[in-house]
2 protein chains.
Amino acid sequence: MPRTTQTDLAVLAALSVTPMTGYALREAILDHLGAFWSESFGQIYPALSRLREAGYVEAFDGERTGSSTYRLTASGRTQLVDLMREAPVRTPPRNGMLLRLFFGDVLGARACRELVAEYRDLATRQLAELAEARRATEADDAGTSQRPYQLMTISAGEHSARAALAWADETLASLDALVAAGR
Amino acid sequence: MPRTTQTDLAVLAALSVTPMTGYALREAILDHLGAFWSESFGQIYPALSRLREAGYVEAFDGERTGSSTYRLTASGRTQLVDLMREAPVRTPPRNGMLLRLFFGDVLGARACRELVAEYRDLATRQLAELAEARRATEADDAGTSQRPYQLMTISAGEHSARAALAWADETLASLDALVAAGR
DNA sequence: TCGCAGTATATCTGGTAGACATGTATCTGA
DNA sequence: TCAGATACATGTCTACCAGATATACTGCGA
């Protein structure tokens, strides 16, 4: 699918903020980009080796035995900009909840209700996490040039989660009506 | 990631509506589930073979030479219900546009503006497609037991696309302000 | 000091997308 | 009528990627 691996872009971008170990990289991506991006160890470590061979990052010994910290090189920064300029790869949609709901008469209205209720809970949790992220970002004094962009991505999550919530409420009402009408 | 392949579920569900060839299956998934699901030929054909060996579908000669039409069996319908009852697999998020926007100061406000503008266009197109799908579904006389569920999934797409649109407009304004402020 | 939680690295399996290769049937316009 | 375009149809191959699993070290509290 991708012309070039998306993992490389995410890894280089994260390392452009500060040098990190592979483990810390994954934590950072989960914490800061978790709402719209994810990376697994199975991708991160091979990517780091690849990027090191290409000269885009360099490794130096970490604080613990057997741990290396990776730092972006000058050519790595150039490569990062190049990758950023490429058109974003659109990952095909796969929403298991909507797939099941579409064939809802196979499952029954009651089970569908449960599915949508879980989806609603998820949106609520996301909204809480985003509120926390917004607070943290607005309180942070450092990195003022990055802040406006980070707030835009947080806002994207908020719009999306609020839409999910509104849809779930509307849909739960419809499903209740279906259940009341004897399924 | 998945306990059991998601493709099997989608294929069985689609065949529960009407028998189809692999090619038609892909068309149907694209047309009716395209807003929240996708399948490639590379998944569909192996899945059909697998499901046939397991006795969940049966093949009979299609209208053209070398084409087979697949039909759900009784045990296939049981398996479909079982798969439907499993908890939906949550695919990890990967939004390349937001990844780039988060590191927007690497790319510059102008390039970010373009990225968001494209995203806005996409949402507009989706909204138009969903309006068409809603019209078609509401006009269709057949399948009254499926219709309410189908309308719920269409509504999910509409909520999501409208949220994307609102966010894009808000964000384009912010980016314009950044550009005006000398990036 | 024992065990547990957290840090850290690495590999393996299998699901999946998309490109590609191949061929057939049907339609359209010259 | 026939050539080429278009739609139908099947299948394979490569590479991306997630998640599970294995391994080991470290620091802390009981």
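Parameters and conventions
Residues numbered from 1 in each chain as written. Chains lettered and ligands numbered in written order. Predicted model: local features only at pLDDT ≥ 70, side-chain atom pairs only at ≥ 80, totals over all residues. Heavy atoms only, no water. Near = heavy atom within 4 Å. Polar contact = N/O pair within 3.5 Å; in protein donor to acceptor, adjacent residues only side chain to side chain. Helix = DSSP H or I, 4+ residues; strand = E, 2+ residues; numbered from the N terminus. Nonpolar A, V, L, I, M, F, W, Y, C, P; charged D, E, K, R; others polar. Least-squares fit on C-alpha atoms with pLDDT ≥ 70 in both. Contact = heavy atoms within 4.5 Å. UniProt positions renumbered as here; feature names shortened; annotations may be inferred.

Caption draft 1: Local environment of the protein's contact with DNA strand C. Around DNA strand C sit 24 residues, and of these A:S68, A:R94, B:T5, B:R64 and B:T65 come closest. Near-protein atoms of DNA strand C (within 4 Å) split between backbone and bases, with sugar and phosphate holding 67%. One of the backbone nitrogen or oxygen atoms of A:G22 is found 3.0 Å away from a phosphate oxygen of DNA strand C. Within the contact set of DNA strand C, a phosphate oxygen lies 3.3 Å away from a side-chain nitrogen or oxygen of B:S38. Of all the elements in the fold, those that place two or more residues in the surface near DNA strand C are α2 (22-33) and α3 (41-53) of chain A together with α1 (6-17) and α3 (41-53) of chain B. The biggest single contributor to the surface near DNA strand C is α3(A), with 3 residues. The class makeup of the residues in the surface near DNA strand C is 6 nonpolar, 14 polar and 4 charged.

Caption draft 2: Inspection of the relation of the copies chain B and chain A at higher detail. Rotating chain B by 180° and translating it 0.0 Å along the rotation axis places it on chain A, where the RMSD comes to 0.1 Å. Expressed as a symmetry operation, the mapping of one chain copy onto the other fits a two-fold axis. Of the residues that chain B buries at the interface, 100% are likewise interface residues in chain A, meaning the two copies contact each other through the same surface.

Caption draft 3: Focus on the UniProt feature "domain: Transcription regulator PadR N-terminal" (unreviewed entry) in chain A. As recorded in UniProt, the sites labelled "domain: Transcription regulator PadR N-terminal" (unreviewed entry) are residues 11-80 of chain A. End C-alpha to end C-alpha, residues 11-80 of chain A measures 9 Å, and it is 53% helix and 14% strand.

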